[in-house]
Amino acid sequence: MIPAGEWVSFCWELHPWGFEAEVVFRVASGGNKHDKVFTDFIKPDLIIAELKVAAVTTKPTPEPEPVPLKGPVVFRGLEEEVSTEIKEAPVLVRTYRIGFTDPLAFYWTRHRPTRIYAKKSLTAVVEENTPAGVTVKTELAAFDEVLPLITVGLGTPDNLTHQAYPAHFFDWVVTRLRHVQGHLLFDPVASSYTLAAVKPADGDPTTLKEGDTGTASVTFPEPPRHGVSLINGVSKDARVEPVSNENAATGIMEEILIMEPVPKNVTTRKTLETSRLTPESMRVSLPFARFPETRLLCGSLVSLPSPEKTTKLITCKKVYRITAMSATAQAPAPQTDAGTGCDQAFFSACLQVSLEAKEDTASRLPDARPVPALFHVEGVIASDVGEESEATYQVVRDTETAGDRYRVTLPAFDDLEIPALFAPDNLPSHLFFPLYKGTRALLALSLCSARIKGTVDWLGSTRVDQKAQSQRILFGKDEKSQVRLEHRYEEGKPVFEMERVMEKDGERLTMEEGKMTWQVGES
């Protein structure tokens, strides 16, 4: 533990979703004093830092609880003050600087998994990717819904190679929260997180004392000025859904194209876009003249002081929620004789908070890098129809979308089975050639869907030698039960052959230069 008497400065930024902090302190090393920090500080081991700050000169009864900030160190450095007169121990004082952040910001911004989940919820995905010792609770219905497919493609070439700053799992979670107007709430006291549908609004507000605060400044966020419409590009349910915005300016539009086969999902999206158009409340920036006696955190409810008999101030008679806190503190003069060990010290400090109205529902999330929309992986078509050795296809009905799906296993992901859209894809719609069991297929994976982009190999005996410049189509289950169409060249002349095989029975029609042969019999 580094006592306050050895601190040079500290600062922090506290947000609804986490914090960043920095501390500078000095440790004496010369003479009979031993620097106990140095040896562990220069090791590559992960360091966990904890900062606790509370007012002491205005300490009420009971004593105020400190603002606790604890998390992994992301930056460290030091400076050494030396003496040329002391050869055995020339270092008199070391000045250390550390920067640290909340646990999730540390772990998730370094975490880039490539994982695929079937019949899981977003909550389950978050839990699997949360490190031990970190608590993340989910109070968001959209995250609890079990989905047929969820993908996380953060280790793909499109992300790692083609982006200057690759997206990470923190970006992935924030992007998912934005899609449902959710909130990421950090509790520094419990060092826990909540994925929430609403912001905290319970409890009585703390009334700030008039002498504790400075002059408040108010800003008014501009309401969304664009009109919105949803264009569903699915031909079976093609429609345009206008989204009402009473603050829209004429001629400004955001026309959102979606491909949604399920009508209720269009309604859900319209509700989401409507909520995004809700104007934000006025924002209040409030400096403090002295450190508050009551512990304040992001999410705390407060009411502002007002002079007696004054009710016309715009900030009066309202309850606010803290959305951000920043603090900087500097010791009046760094001690030349570090190592006094005093657990209290005077600092010249600046503390400022940002406030919003308690009723404000706007989602306040950190900026997120773009997450790759698609990535590709090979899969193998699966089917339970027929015998194991037979080439068959199977169509599975999706009861929610009334659409059809292939069953596809992914060898690179422990043979996980996922659904993929059953569609003609690149074939004309009047040809029906479903993919057989065992076909190696290239899949394009998005967040919650998979589509077959093509096949990567020929199945069974479909491929023929190039000497005859042949083309072949096989129908059927295997070589003992199939129909074969083949075109080839013999002595530079085209030959067309059609053959049906059923066990030992067979029929073959061959058309070549000057003759046509029909053979029927047993092999």
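Conventions adopted
Residues numbered from 1 in each chain as written. Predicted model: local features only at pLDDT ≥ 70, side-chain atom pairs only at ≥ 80, totals over all residues. Heavy atoms only, no water. Helix = DSSP H or I, 4+ residues; strand = E, 2+ residues; numbered from the N terminus. Rg over C-alpha atoms; globule rule 2.2 N^0.38 Å. Buried < 20%, exposed > 50% of the residue type's maximum accessible area, 1.4 Å probe, protein only. Pairing = 2+ DSSP bridges. Core = buried A, V, L, I, M, F, W, Y, C linked by side-chain atoms within 4.5 Å. Axes fitted to C-alpha atoms, helices over the stretch in contact; angles between N-to-C directions. Salt bridge = Lys/Arg side-chain N within 4 Å of Asp/Glu carboxyl O. 1 Å grid on protein atoms, 1.4 Å probe; cavity = no way out; pocket = protein on both sides within 12 Å on 5 of 7 lines; lining within 4 Å. Points joined across faces, edges and corners; volume = space filled by probe spheres on them. Nonpolar A, V, L, I, M, F, W, Y, C, P; charged D, E, K, R; others polar. Contact = heavy atoms within 4.5 Å. Patch = residues over 30% accessible without salt bridge, like charges linked within 9 Å, V, L, I, M, F, W, Y side chains within 5 Å. Areas by Shrake-Rupley, 256 points an atom, 1.4 Å probe, with all protein chains shown as cover. Disulfide = S-S within 2.5 Å.

Chemist: An account of the overall build of the protein is requested, with residue identities and associated values reported.
Modeler: Scanning the protein for helices and strands turns up seven helices and 30 strands. Relative to the compact-globule value of 24 Å for 523 residues, the protein shows a C-alpha radius of gyration of 34 Å, a clear excess of over 25%. When its C-alpha atoms are laid out on the principal axes, the protein stretches across 110 × 70 × 35 Å. The proportion of buried residues among the 523 residues of the protein is 40%.

Chemist: Describe the pairing of strand S5 (residues 91-101), naming the residues involved and giving the relevant values.
Modeler: When you tally the buried positions in S5, you get nine out of eleven residues, the bulk of the element. Of the strand pairs in this sheet, strand S2 (residues 18-28) and S5 are connected by nine bridges, and their pairing is antiparallel. Within the sheet, the bridge partner assigned to Val 27 lies in S5 and is Arg 94. Bridging between strand S4 (residues 67-82) and S5 involves nine bridges; their strand directions are antiparallel. Looking across to S5, one finds that Gly 77 is bridged to Arg 97.

Chemist: Quick rundown of the nonpolar core? Include the residues and the values.
Modeler: In this structure, Trp 12, Leu 51, Leu 69, Phe 100, Trp 172 and Leu 355 are the most contacted members of the largest nonpolar core, which totals 65 residues. The element best represented in this core is helix H6 (residues 169-179), accounting for six residues. Ala 118, Ala 441, Leu 445 and Ala 450 belong to the second largest nonpolar core, which has 18 residues in total.

Chemist: How would you explain the sheet that holds strand S30 (residues 515-522) if you had to name every residue and give the values?
Modeler: Here we have five strands laid out as an open sheet, ordered S26-S27-S28-S29-S30, and antiparallel in their pairing. Single-partner strands in this sheet number two, and they are strand S26 (471-478) and S30. Averaged over all pairs of adjacent strands, the angle between their axes in this sheet comes to 10°, without regard to strand direction.

Chemist: Before we move on, could you go through the pattern of salt bridges and cite the residues and values that matter?
Modeler: On inspection of all chains with the given rule, the structure shows 41 salt bridges. In this structure, Lys 52 and Glu 50 form a salt bridge, with 3.8 Å as the shortest nitrogen-oxygen distance. The partly exposed category is assigned to Glu 50, whose relative accessible area is 45%. Put simply, Asp 398 and Arg 405 hold a salt bridge, and the shortest N to O gap is 3.7 Å. Across this residue pair, the class does not change: Asp 398 and Arg 405 are buried.

Chemist: Go over the layout of surface pockets, please, and point to the residues and values.
Modeler: The volume enclosed by the second largest pocket comes to roughly 1500 Å³. Listed by contribution, the elements that provide at least two residues to the lining of the second largest pocket are strand S1 (7-15), S2, helix H1 (38-41), strand S3 (48-53), S5, strand S18 (320-330) and strand S19 (348-357). Each residue belonging to the lining of the second largest pocket can be placed in one class, and the counts come to 34 nonpolar, four polar and ten charged.

Chemist: Tell me about the sheet that holds strand S13 (residues 227-232), and name the residues and values.
Modeler: Ordered in space as S14-S13-S15, the three strands form an open sheet in which the pairing is mixed. With partners counted over all chains shown, the strands left at the sheet margins are strand S14 (239-243) and strand S15 (253-258), one partner each. Between one strand axis and the next, the sheet turns through 20° on average, direction left out of account. Looking at chain direction, S13 and S14 are connected through five bridges and run antiparallel. Residue pairing for S14: Val 228 is matched across the bridge by Val 243. Packing of helix H7 (residues 263-276) onto the sheet brings it into contact with S13, S14 and S15, and relative to S14 it is tilted by some 25°.

Chemist: Give me the side chain of Ser 470: which residues, what numbers.
Modeler: Structurally, Ser 470 can be placed in the loop between strand S25 (450-455) and S26. Excluding anything up to four places from it in sequence, Ser 470 contacts Val 464, Asp 465, Glu 486, His 487 and Arg 488.

Chemist: Talk me through a nonpolar patch on the surface; I want residue IDs and the actual numbers.
Modeler: A cluster of nonpolar side chains, contributed by Leu 427, Leu 431, Phe 433, Ile 473, Phe 475, Val 483, Phe 496, Met 498, Met 511 and Met 516, occupies part of the molecular surface with about 780 Å² of accessible area. Looking at the nonpolar patch, the elements that each hand over two or more residues are S26 and strand S28 (493-502). Its place among the elements puts Met 516 in strand S30.

Chemist: How would you summarise the pairing of S3 if you had to cite specific residues and measurements?
Modeler: Burial along S3 is one-sided: the face carrying Ala 49, Leu 51 and Val 53 is buried and the face carrying Ile 48, Glu 50 and Lys 52 is not. Sheet analysis places S3 next to S4, joined by six bridges and oriented antiparallel. When the bridges of S4 are listed, Val 53 appears paired with Val 67.

Chemist: Describe empty space enclosed by the protein, with residues and values.
Modeler: What the rule picks out here adds up to one cavity of 30 Å³ or more. Estimated volume of the largest cavity: approximately 50 Å³. Among the residues forming the lining of the largest cavity, the class breakdown is nine nonpolar, one polar and three charged.

Chemist: Could you give an account of the state of the cysteines, with specific residues and numbers?
Modeler: According to the stated counting rule, one finds zero disulfides in the structure shown. Free cysteine Cys 298: the closest other cysteine sulfur is in Cys 11, separated by 15 Å. With no disulfide of its own, Cys 350 lies closest to Cys 11 among cysteine sulfurs, the gap being 11 Å. Of the residues examined, Cys 350 reaches a relative accessible area of 41% and is grouped as partly exposed.

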